[in-house]
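Single-letter residue listing:
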Amino acid sequence: MIYYFDNIKVNTEEVTLIKEGLLIDIEPKLFTLLIFFCENSHRALSRDELINTVWEGRVVSEAAVNRAVGQLRKIIEQDTAKPVYLKTVSKVGYQFIAEVEKITSETTEDMVTKPSETQSVTTTEPSNNSRKKIVKYRFTFIISFLFLVSLSIVYIFSKSSHIEYLPPVEITQKNPITTTNNSTFNPYFDPLTHDTFVLYKPNPQSFAQIKKLNSQGQSLPVTDDSYYYTDVIPHDDTNLLAARLNNLNERKCEIVLINIATQLIKKITDCGQSIINNLVFNSNTNTVYYRYRSKVSHPYSIYSISLSSLRIQQLTIPNATSNGLGYTAFELSPDKQQIAMIEYKSEDTDQLQLYDLNTQEVIQHQNVPKDIRSIIWWRSKQLLASNSEGLLNIDLLQQLTTKVKSTIGFGRLSKKSDHALLFEKSDTQTNLVKIELTHFNQTQLTNLIGVNGKSAMANTSERIIFFSQTPLTSKVLIRLESGEIIETHFPQKIRHLTTLEWSKDDSKVVASINDKIYLLNINSMQWNRVYFDFNNVHYVSFIGNQHLLFSAEKNGNWNIWSLNLTTKETAIMTKTEGYSGQVENGYLFYTKFSSKGIFYKEIAAENEFLLVKDIPVTDWNNWQVNSNNLTYQQDGKLKQYNLNSKETSILYDFSEKPLQYCRTDTHFKAIICELKERSVSNIWQADF
């Protein structure tokens, strides 16, 4: 039996649940519960009936039923707080109100037999001549029917012989290609020379450069300059194509051609601002494909440039909603006729698009998981992709995405053969440290695996809330005054978190998670989403205890707004753009999405002023206002600007230390920083 409702398909024989083209993991008991709801749609079901049927009469509490329904809602509902399929019926139980379409193998048989049954009931006893005619007609009908069935079988068999069945993808082993203690990343295997080109950083402060790993295992440097390289691919047997940034402050991107023997470098074109670019080369047309944006505030588009004529074309126009990422990854098909592209969407899934280079049109769309960082064509109708959860298998025929087993730790991918690929595997560990500003003594606050940061210090105590992320888990944790670390149990999967901040009385914490605003009640340790007119929120902070300051996109512009938590009323605070902000003594301090610096204005006034120049746009959240002091990072130093005296002082110099995202306490006696303890990446090979 197969049940369909909206974009969800439930197959009882294969025990699978497919939502928006994605195969969803579901526990057996939840699957049984969903099947029972599908079989009894539009009927109010009591909890006792659910216990007697789904739980087969076992001793189960109503709370267990409620928990199971809550877990099922997380799987099938877009918004668990406003369910559209699975409704709660007061004092009864639950009602499944989806329009369910059922498909079984008996459906066709029923459609054939029911008309004949109806005819036998409504016709009278026939005469002998009539009976002979009926027998003759029935015989003719049966012969014709069998002939058509035979033709259908032959047709189906002939078609099925041409169907391309995609074999399963399963990793047999993984082995390291490089074993350095620094960063080696972005592999690209050249099938012509069997060389592998990579980027590497001998230390965290170095600019990424290019080197070649030849087939004999030797490591040979290709570049050694003051540029930061972001990608490298072969052009021919003597030249490389590379994308690079002029420096890490201006971040102006350019594409260059590098002669391997002479190391002469020729600029081809600019590729925008602040882009960690990846390149694709079509040898048939001598064309390079790349991402482009003229400003940080613009979404990524995919462009092409002909190396013969230097003609530039824009292939895609991104949908500039939410934070406007646009196209995040792309790859050329083996026959060089199509490009597979991933476009960021603000919903729970992104979109894979197949772009036909001949017709210059998108010929296929399908939903894929979020945050795909790299894709490669594995076979003609099959892609492999990597995101934070590992390696993904994208089936273009079935339009399905499944996880590949043993997948944790996959970064940038490069196909080596039909049975092997190269990938980047990184190991990063960041923890929180406390540095006293009098004697600069350093104390370790956390000793956890993964990346731990984006911390916020409480105003009336020494509690610290922070984000902890590993390849397997994402959590919001609180470090108590005693040093004990407790989990806050955020109810959903955290894809990305931008900000955490305490209310002035420390009774609540506000967070921007997955483009939504959430409040954590410290007493009950309960998370609740803040529902209001804005669906996509980038940044949020407190104004006192009952008002929020947040940035969101509306009508194509990013601005800062205020929200009354009691009335849910909003008011615009900036009209010339805003990306992050804080309020202090009647003034609004804020950054912009596309302009350097920290700005300020009176809340009720229109005129704005530039307070601190040359703060990179990428440091939009790396500052704070506290007790009439603005604290920010610049040139490897933590600086403080006194809003009363207008004087600037240096709190701490960490230019030679792996520290970032520092926050002061309320009395300016200490700072809490993220200490990067380890950042290692190497190239691995996976065999299939």
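Residues numbered from 1 in each chain as written. Predicted model: local features only at pLDDT ≥ 70, side-chain atom pairs only at ≥ 80, totals over all residues. Heavy atoms only, no water.

### Things to note about empty space enclosed by the protein
Reasoning step 1: Enumeration over the complete set of coordinates arrives at 2 cavities of 30 Å³ or more.
Reasoning step 2: Size it by volume and the largest cavity reaches roughly 40 Å³.
Reasoning step 3: For the largest cavity, the full set of lining residues is Thr591, Lys592, Ser595, Gly597, Ile615, Pro616, Val617, Asp619 and Trp620.
Reasoning step 4: Of the residues that constitute the lining of the largest cavity, the class distribution is 4 nonpolar, 3 polar and 2 charged.
Reasoning step 5: When its volume is computed, the second largest cavity comes out at roughly 30 Å³. (1 Å grid on protein atoms, 1.4 Å probe; cavity = no way out; pocket = protein on both sides within 12 Å on 5 of 7 lines; lining within 4 Å. Points joined across faces, edges and corners; volume = space filled by probe spheres on them. Nonpolar A, V, L, I, M, F, W, Y, C, P; charged D, E, K, R; others polar.)

### Things to note about the sheet that holds strand 14 (residues 228–234)
Reasoning step 1: Taken together, the 4 strands give an open sheet; going across it, the order is 14-15-16-17, and neighbouring strands pair in antiparallel fashion. Pairing within the sheet leaves two strands with one partner each, and these edge strands are strand 14 and strand 17 (265–273). Looking at each pair of strands side by side, their axes are set apart by 20 degrees on average, direction ignored. (Pairing = 2+ DSSP bridges. Helix = DSSP H or I, 4+ residues; strand = E, 2+ residues; numbered from the N terminus. Axes fitted to C-alpha atoms, helices over the stretch in contact; angles between N-to-C directions.)

### Focus on the state of the cysteines
Reasoning step 1: Scanning the model with the defined rule gives 2 disulfides in all.
Reasoning step 2: In this model cysteine 253 forms its disulfide with cysteine 271; the gap between the sulfur atoms is 1.8 Å. Between cysteine 253 and cysteine 271 the sulfur-sulfur dihedral comes to about -80 degrees; the bridge is accordingly left-handed. Residue cysteine 253 is found in strand 16 (residues 252–259), and its partner cysteine 271 is found in strand 17; the two are separated by 18 residues along the sequence. Each member of the pair, cysteine 253 as well as cysteine 271, carries the same accessibility label: buried.
Reasoning step 3: Sulfur-sulfur distance for the disulfide between cysteine 662 and cysteine 673 comes to 2.1 Å. (Disulfide = S-S within 2.5 Å. Buried < 20%, exposed > 50% of the residue type's maximum accessible area, 1.4 Å probe, protein only.)

### Looking at the packing of aromatic side chains
Here the distance between the centres and the angle between the planes together describe a pair of aromatic rings.
Reasoning step 1: Within this structure, the stated rule accounts for 24 aromatic pairs.
Reasoning step 2: Consider the rings of tyrosine 292 and tyrosine 303, whose centres lie 4.9 Å apart with planes at 50 degrees: the pair is tilted. You can see tyrosine 292 sitting in strand 19 (residues 287–292) and its partner tyrosine 303 sitting in strand 20 (residues 301–306), a full 11 residues away along the chain.
Reasoning step 3: For tyrosine 292, a relative accessible area of 24% gives the class partly exposed.
Reasoning step 4: Accessibility expressed as a relative area gives 16% for tyrosine 303, which makes it buried.
Reasoning step 5: Ring plane angle 90 degrees and centroid distance 5.4 Å describe the contact between tryptophan 558 and tyrosine 579, whose orientation is recorded as edge-to-face. Here tryptophan 558 is found in strand 43 (residues 557–564), whereas its partner tyrosine 579 is found in the loop between strand 44 (570–572) and strand 45 (580–584), with 21 residues between them in sequence. Each member of the pair tryptophan 558 and tyrosine 579 is classed as buried.
Reasoning step 6: The structure contains a cluster of three or more aromatic residues connected by ring pairs, namely Phe5, Phe37, Tyr85 and Phe96.
Reasoning step 7: The aromatic ring of tyrosine 200 is capped on one face by lysine 211, whose charged end is 4.7 Å from the ring centroid.
Reasoning step 8: In this structure, arginine 244 is placed above the aromatic ring of tyrosine 227, and the distance from its NZ or CZ to the ring centre is 3.5 Å. (Phe/Tyr/Trp six-rings, centres within 6.5 Å; stacked < 30°, edge-to-face > 60°. Lys NZ or Arg CZ within 6 Å of the ring centre and 35° of its normal.)

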